[in-house]
Amino acid sequence: MQLKDIIKITIFAVIGLILSIAGGYASMLFGPAMLYINSSIAAILTAPVFFVMAKKVHKRGAIFLYFLIPGIVYTMMGFWPMLCILTVGGILAELIVGKEENYLSDSKLTLSYMIGELVYALHGIIFFLVLSKEGVLKTFPKMFTPEQADTYAAFYGEAWHILAIIAIQLFISFIGAKFGSYIYNKFFGKVKTQSVLK
């Protein structure tokens with residue numbers, strides 16, 4: 001992988017992060033349902049970015065960096081646990097793709113995207129299960145009020161809520177991957193040529 005590839009990945013990753021954050025804010029419009037779809041809208045918005053990045057760069061490690069870079073940005077913003085979450089997501093997503101030639105495989109990229117996005121979507125659950133409510137309040141003092149932390153802790157304490165989030169996220173990520181593949185093939189996959197005689 002060359003420096004120009006890393007620069008491309010960084011640009012795509014930052015665009016993906018911006019769209020992901022925008023999707024998170026958009027999910028708030030759904031009221032209490034946002035607890036189930038907090039990362040689902042983002043999975044639709046960022047899929048084309050992921051597919052274009054993967055197929056344009058198609059180098060081993062590109063997908064890992066795509067997830068790692070937002071983790072670094074989150075760390076700079078004070079949310080260092082996101083680096084751990086996105087590092088795991090990036091490793092799993094990269095392992096699923098495997099060989100470099102699989103970067104051009106829609107099926108491999110779809111599964112890679114679904115798993116990477118699932119890990120990202122579970123960050124709230126992981127925070128409350130690993131850090132506990134008290135740990136979350138201490139780690140993110142400006143993000144949650146004690147009342148909000150109580151609500152999230154109670155919600156994530158129900159196993160069926162977690163299963164519902166997983167199922168919804170996998171389904172939406174699959175739809176997003178199909179959308180991402182369509183966008184790539186429609187606008188980036190074919191090089192249009194014109195005869196010199198015309």
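Residues numbered from 1 in each chain as written. Predicted model: local features only at pLDDT ≥ 70, side-chain atom pairs only at ≥ 80, totals over all residues. Heavy atoms only, no water.

Asks: What is the right way to read a nonpolar patch on the surface from this model?
Replies: The grouping of Met1, Leu3, Ile6, Ile7, Ile11 and Ile15 at the surface amounts to a nonpolar patch, some 550 Å² of accessible area in total. Within the secondary structure, Leu3 sits in helix H1 (residues 3-27). Residue Leu3 is classed as exposed on the basis of its relative accessible area, which comes to 62%. (Patch = residues over 30% accessible without salt bridge, like charges linked within 9 Å, V, L, I, M, F, W, Y side chains within 5 Å. Areas by Shrake-Rupley, 256 points an atom, 1.4 Å probe, with all protein chains shown as cover. Salt bridge = Lys/Arg side-chain N within 4 Å of Asp/Glu carboxyl O. Helix = DSSP H or I, 4+ residues; strand = E, 2+ residues; numbered from the N terminus. Buried < 20%, exposed > 50% of the residue type's maximum accessible area, 1.4 Å probe, protein only.)

Asks: How do you make sense of the packing of helix H5 (residues 81-97) against helix H7 (residues 123-139) when you look at a structure like this?
Replies: Helix packing for two helices is described by the angle between their axes and how far apart those axes are. Packing of H5 against H7 brings their axes to within 12 Å, and their N-to-C directions diverge by 170°. By the angle between their axes, H5 is roughly antiparallel relative to H7. For the pair H5 and H7, contact is made by Pro81, Met82 and Ile85 and by His123, Ile126, Phe127 and Thr139, respectively. (Axes fitted to C-alpha atoms, helices over the stretch in contact; angles between N-to-C directions. Parallel < 35°, antiparallel > 145°, perpendicular 65-115°, else oblique. Contact = heavy atoms within 4.5 Å.)

Asks: Looking at this structure, how should I read helix H4 (residues 62-76)?
Replies: Within an α-helix, residues lying three or four positions from one another point in the same direction, as the helix has 3.6 residues per turn. End to end, H4 covers 21 Å across 15 residues, agreeing with the expected 21 Å (1.5 Å per residue, within 8%). When H4 is considered as a whole, its buried residues turn out to be Ala62, Ile63, Leu65, Tyr66, Phe67, Leu68, Ile69, Pro70, Gly71 and Tyr74. Residues of H4 that are buried sit in contact with H1, helix H3 (40-57), H5 and helix H6 (106-121). Just downstream of H4, Gly78 is the residue with a positive phi angle, here 100°. (Expected span 1.5 Å × (residues − 1).)

Asks: Which parts of the structure should I look at to understand the pattern of salt bridges?
Replies: Side chains that differ in sign of charge can pair as their charged atoms come close. This structure, assessed with the given rule, holds four salt bridges. Between Lys55 and Asp106 there is a salt bridge, and its shortest N-O distance comes to 2.4 Å. With Lys55 in helix H3 and Asp106 in helix H6, the pair connects residues that are 51 residues apart, well separated along the chain. The class of Lys55 is buried, set by a relative accessible area of 8%. Judged by relative accessible area, Asp106 falls into the partly exposed class, the value being 27%. Between Asp150 and Lys133 there is a salt bridge, and its shortest N-O distance comes to 2.6 Å. Taken as a pair, Asp150 in helix H8 (residues 146-156) and Lys133 in helix H7 lie far apart in primary sequence, 17 residues in all. Classification of Lys133 as partly exposed rests on a relative accessible area of 27%.

Asks: Please explain the packing of aromatic side chains as it appears in this structure.
Replies: By convention here, two paired aromatic rings are described through the distance between centres and the angle between planes. Using the criterion set out here, one finds 15 aromatic pairs in the structure. With 5.6 Å between their ring centres and 75° between their planes, Phe50 and Tyr66 make a pair best called edge-to-face. Residue Phe50 is found in helix H3, and its partner Tyr66 is found in helix H4; the two are separated by 16 residues along the sequence. Residue Tyr66 is classed as buried on the basis of its relative accessible area of 5%. On the numbers, 5.0 Å between centres and 45° between planes, the contact of Phe50 with Tyr113 is tilted. Pair noted here: Phe50 is in helix H3 and Tyr113 is in helix H6, with a separation of 63 residues, a long-range link. (Phe/Tyr/Trp six-rings, centres within 6.5 Å; stacked < 30°, edge-to-face > 60°.)

Asks: What am I meant to see in the side chain of Ser105 here?
Replies: Its place among the elements puts Ser105 in the loop between H5 and H6. Take Ser105: its relative accessible area is 19%, and that puts it in the buried class.

Asks: Explanation requested: the environment of Ser132 in the structure shown.
Replies: Tracing the sequence through the fold places Ser132 in helix H7. Here the alpha-carbon distance between Ser132 and Thr87, two residues 45 residues apart in the chain, equals 21 Å.

Asks: Sorry, what's going on with H7 here?
Replies: Compared with an ideal rise of 1.5 Å per residue, which puts 17 residues at 24 Å, H7 spans 14 Å between its outermost C-alpha atoms and falls more than 12% short. Taking the largest bend as the criterion, H7 deviates by roughly 105°, centred on Ser132. Here H7 has its buried residues at His123, Gly124, Ile125, Phe127, Phe128, Gly135 and Val136. Buried residues along H7 sit against H5, H6, H8 and helix H9 (159-187). (Bend = angle between axes of the 7 residues up to and from the residue.)

Asks: Just to check I follow, could you spell out the environment of Val14 for this structure?
Replies: Tracing the backbone shows Val14 in helix H1. Taking the C-alpha atoms as reference, Val14 lies 18 Å from Pro81; in sequence the two are 67 residues apart.

The values reported here are purely geometric and, on their own, carry no functional implication.
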